[in-house]
Amino acid sequence: MMFLKVIALLLAIGCLNAEVYFEEKFENDNWKTEWIYSKHPGKEFGKFVHSAGSFYNDADLDKGIQTSQDARFYALSNKFDGFSNKGKPLVVQFSVKHEQNIDCGGGYVKLFDCSLDQTDMHGESPYEIMFGPDICGPGTKKVHVILSYKGKNHLINKDIRCKDDVYTHFYTLIVKPDNTYEVLIDNEKVESGNLEDDWDFLAPKKIKDPNAKKPEDWDDKATIPDPDDKKPEDWDKPEHIPDPDASKPEDWDDEMDGEWEPPMVDNPDYKGEWQAKQLDNPNYKGAWEHPEIDNPEYSADDNLYLRNEICTVGFDLWQVKSGTIFDNVLITDDIELASKVAAEVKNTQAGEKKVKELQDEVQRKKDEEESKKNADKDDEDDDDDDDNTESKQETEDNGHDEL
């Protein structure tokens, strides 16, 4: 019993020590003053609007910021009290809803240190983390996980597929102080591993020995030609021969047309290039493997996970077709809290799908009615043409009677 009480106390202390560094649910218009647009020259930036979109589960709770102009760059950021994740998990989570059925555009966030000039944020601004979905055509549908290390951005070596439908999805990145990570979509783990293994932060542990060379007598041929196998005397036949069924046309004039030659056809007796039979090579030693040695440039780093300072989150992206809604931004060291927040996505998706199905049904009926009206109008026009034709014929007939 005492043991259970101690465990409960430790869990309670852990919960008390958990921190939420930043949270934004876009519940009201305060975001307009708290989030700063970039004014970086040379870019045509688009504006965000406060909206739950055209279909949603809850008209108020589902409001986020939505891209509103096609073919635009978007650059918006929010600065908060700086923190370091030293010795703690780092959780980055947010929701994305590509309501417009996006064809090409980003849906990710970036985390910056405190040196960022928010009014000059752009694609080349140094960042600590870039995370989230990116879609462009059928070939690019991936989740970016890019981490900065010693001033250089490193992409994850794995391909993580993102969601490409029109509903809300939660994206979660967890980086732990033991140099492991997890990527979750809608609270379900889709990728995980070790930072050193899945990013090229460090030089490789092993390299090929520069002083090692394959021995000159190393035989890596698995088979050899049979020395006793001889080419048959009747083997060599031409690949093409004159067509034996062809005959010179009767109107062929040798003086005018030149000497007639029959066309060439494939030779049925042609056997191709002769090759001796292959035998197992008795001297075969296998494929030579270049020996490896410890890389003198390799240096382990237990702090690959560490971000010494984070205090700005931003959306820095390009979209061809606007309509994406961002919401539920959460930066914390509390993995359980993030999981609890993301668990609501199932209800959100169910509500969105219900409303959209109703909207699609209404639109379907509207299209059918419109199609029927157009068909009826075409029939009326055809009837009018027939009446006009009959009237014209009667007039002509009456005229003939009078004559």
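Draft legend 1. Region of the structure containing the overall build of the protein. Scanning the protein for helices and strands turns up 6 helices and 22 strands. For 403 residues, the compact-globule formula gives about 22 Å, and the C-alpha radius of gyration of the protein, at 37 Å, lies well above that figure. By principal-axis analysis of the C-alpha atoms, the protein measures approximately 115 × 110 × 55 Å. Burial analysis of the protein (403 residues in total) assigns 35% to the buried set. In the structure as shown, the protein presents an accessible area of about 25,200 Å², 48% of it carried by carbon and sulfur atoms.

Draft legend 2. Examining the packing of aromatic side chains more closely. Within the structure shown, the criterion is met by 17 aromatic pairs. Judged by centre distance (4.9 Å) and plane angle (80 degrees), the ring pair of Tyr 181 and Trp 199 falls under edge-to-face. Here the residue Tyr 181 occupies a position in strand β13 (residues 180–185), and Trp 199 occupies one in the loop between α3 (195–198) and β15 (206–208), the gap between them amounting to 18 residues. Like Tyr 181, the residue Trp 199 is buried in the burial classification. One aromatic cluster is present, formed by Tyr 21, Phe 22, Phe 26, Trp 35, Phe 48, Tyr 74, Phe 80, Phe 83, Phe 315 and Phe 326 through successive ring pairs. The ring of Phe 55 has Lys 356 lying over it, and the distance from NZ or CZ to the ring centre is 5.9 Å.

Draft legend 3. Local environment of the nonpolar core. Of all hydrophobic cores here, the largest spans 56 residues; its most connected members are Phe 131, Val 143, Val 145, Leu 195, Val 313, Phe 315 and Ile 331. When neighbours within four sequence positions are excluded, Leu 195 is seen to be in contact with Leu 147, Val 175, Asn 179, Thr 180, Tyr 181, Phe 201, Leu 304 and Tyr 305. In terms of nonpolar packing, the next biggest core, distinct from the first, is built from 9 residues, Val 91, Leu 330, Ala 342 and Val 345 among them.

Draft legend 4. Just the state of the cysteines, in detail. Across all of its chains, the model carries 2 disulfides by this definition. There is a disulfide in this structure between Cys 104 and Cys 136, and the S-S distance comes to 2.0 Å. Looking down the S-S bond of the Cys 104 and Cys 136 bridge, the torsion is -85 degrees, so its handedness is left-handed. Taken as a pair, Cys 104 in strand β7 (residues 104–106) and Cys 136 in strand β9 (residues 129–136) lie far apart in primary sequence, 32 residues in all. Cys 104 gets classed as buried once you look at its relative accessible area, which sits at 18%.

Draft legend 5. Spatial organisation of unusual backbone geometry. Residues other than glycine seldom take positive phi values, yet Asn 101 does so here, at roughly 55 degrees. Here Asn 101 lies in the loop between β6 (90–98) and β7. Notably, Asp 186 is not glycine yet its phi reads approximately 55 degrees, a positive angle. In this fold, Asp 186 is placed in the loop between β13 and β14 (188–194).

Draft legend 6. Summary view of helix α5 (residues 335–342). All buried positions along α5 are accounted for by Ala 338, Val 341 and Ala 342. Taken down its axis, α5 places every buried residue within 95 degrees of arc, on the same side. Exposed residues pointing more than 90 degrees away from the buried face of α5 are listed as Glu 336 and Lys 340. The N-cap of α5, judged by a side-chain oxygen 3.2 Å from the amide nitrogen of Glu 336 a few residues on, is Asp 334.

Draft legend 7. How the structure looks around the pattern of salt bridges. One pass over the structure, following the stated rule, counts 20 salt bridges. Between Lys 141 and Asp 164 there is a salt bridge, with its nearest N and O atoms 2.8 Å apart. In this pair, Lys 141 is assigned in strand β10 (residues 140–149) and Asp 164 in the loop between β11 (152–155) and β12 (168–175), connecting sequence segments 23 residues apart. In this structure, Asp 164 and Arg 161 form a salt bridge, with 3.8 Å as the shortest nitrogen-oxygen distance. On the accessibility criterion, Asp 164 (31% relative accessible area) is partly exposed. What emerges from the salt-bridge pattern is a single network uniting Glu 19, Lys 88 and Asp 333.

Draft legend 8. Seen up close, the side chain of His 122. Locating His 122 in the fold gives a position in the loop between β8 (109–112) and β9. A relative accessible area of 17% places His 122 in the buried class. When near neighbours in sequence (up to four residues on either side) are disregarded, His 122 contacts His 40 and Asp 316.

Draft legend 9. Summary view of the environment of Ala 276. Tracing the sequence through the fold places Ala 276 in the loop between β18 (264–266) and β19 (278–280). Owing to a relative accessible area of 18%, Ala 276 belongs among the buried residues under this scheme. If near-sequence neighbours (up to four positions away) are discounted, Ala 276 is found in contact with Pro 225, Asp 226 and Asp 229.

Draft legend 10. Looking closely at the side chain of Gln 93. Along the polypeptide, Gln 93 turns up in strand β6. Separated by 2.6 Å, the side chains of Gln 93 and Thr 172 make a polar contact. Ignoring any residue separated from it by four or fewer positions in sequence, one finds Gln 93 in contact with Phe 170, Tyr 171, Thr 172, Asn 328, Val 329, Leu 330, Ala 338, Val 341 and Ala 342.

Draft legend 11. Region of interest: the environment of Lys 163. Among the secondary structure elements, Lys 163 is positioned in the loop between β11 and β12. Since its relative accessible area comes to 36%, Lys 163 is described here as partly exposed. With 65 residues separating them along the chain, Lys 163 and His 98 place their C-alpha atoms 9.3 Å apart. Those residues in contact with Lys 163 that lie beyond four places of it in its chain are Ile 135, His 169, Tyr 171, Ile 185 and Asp 186.

Draft legend 12. Main features of the pairing of β11. One ladder, built from 4 bridges, connects β10 with β11; its direction is antiparallel. Directly across from Leu 147, in β11, lies its bridge partner His 154. What sits between β10 and β11 in their antiparallel hairpin is a turn of 2 residues, with Lys 150 showing a positive phi close to 55 degrees.

Calculation rules
- Residues numbered from 1 in each chain as written.
- Predicted model: local features only at pLDDT ≥ 70, side-chain atom pairs only at ≥ 80, totals over all residues.
- Heavy atoms only, no water.
- Helix = DSSP H or I, 4+ residues; strand = E, 2+ residues; numbered from the N terminus.
- Rg over C-alpha atoms; globule rule 2.2 N^0.38 Å.
- Buried < 20%, exposed > 50% of the residue type's maximum accessible area, 1.4 Å probe, protein only.
- Areas by Shrake-Rupley, 256 points an atom, 1.4 Å probe, with all protein chains shown as cover.
- Phe/Tyr/Trp six-rings, centres within 6.5 Å; stacked < 30°, edge-to-face > 60°.
- Lys NZ or Arg CZ within 6 Å of the ring centre and 35° of its normal.
- Core = buried A, V, L, I, M, F, W, Y, C linked by side-chain atoms within 4.5 Å.
- Contact = heavy atoms within 4.5 Å.
- Disulfide = S-S within 2.5 Å.
- Arc of directions from axis to C-beta.
- Polar contact = N/O pair within 3.5 Å; in protein donor to acceptor, adjacent residues only side chain to side chain.
- Salt bridge = Lys/Arg side-chain N within 4 Å of Asp/Glu carboxyl O.
- Pairing = 2+ DSSP bridges.

Any functional reading would require information beyond the geometric quantities listed.
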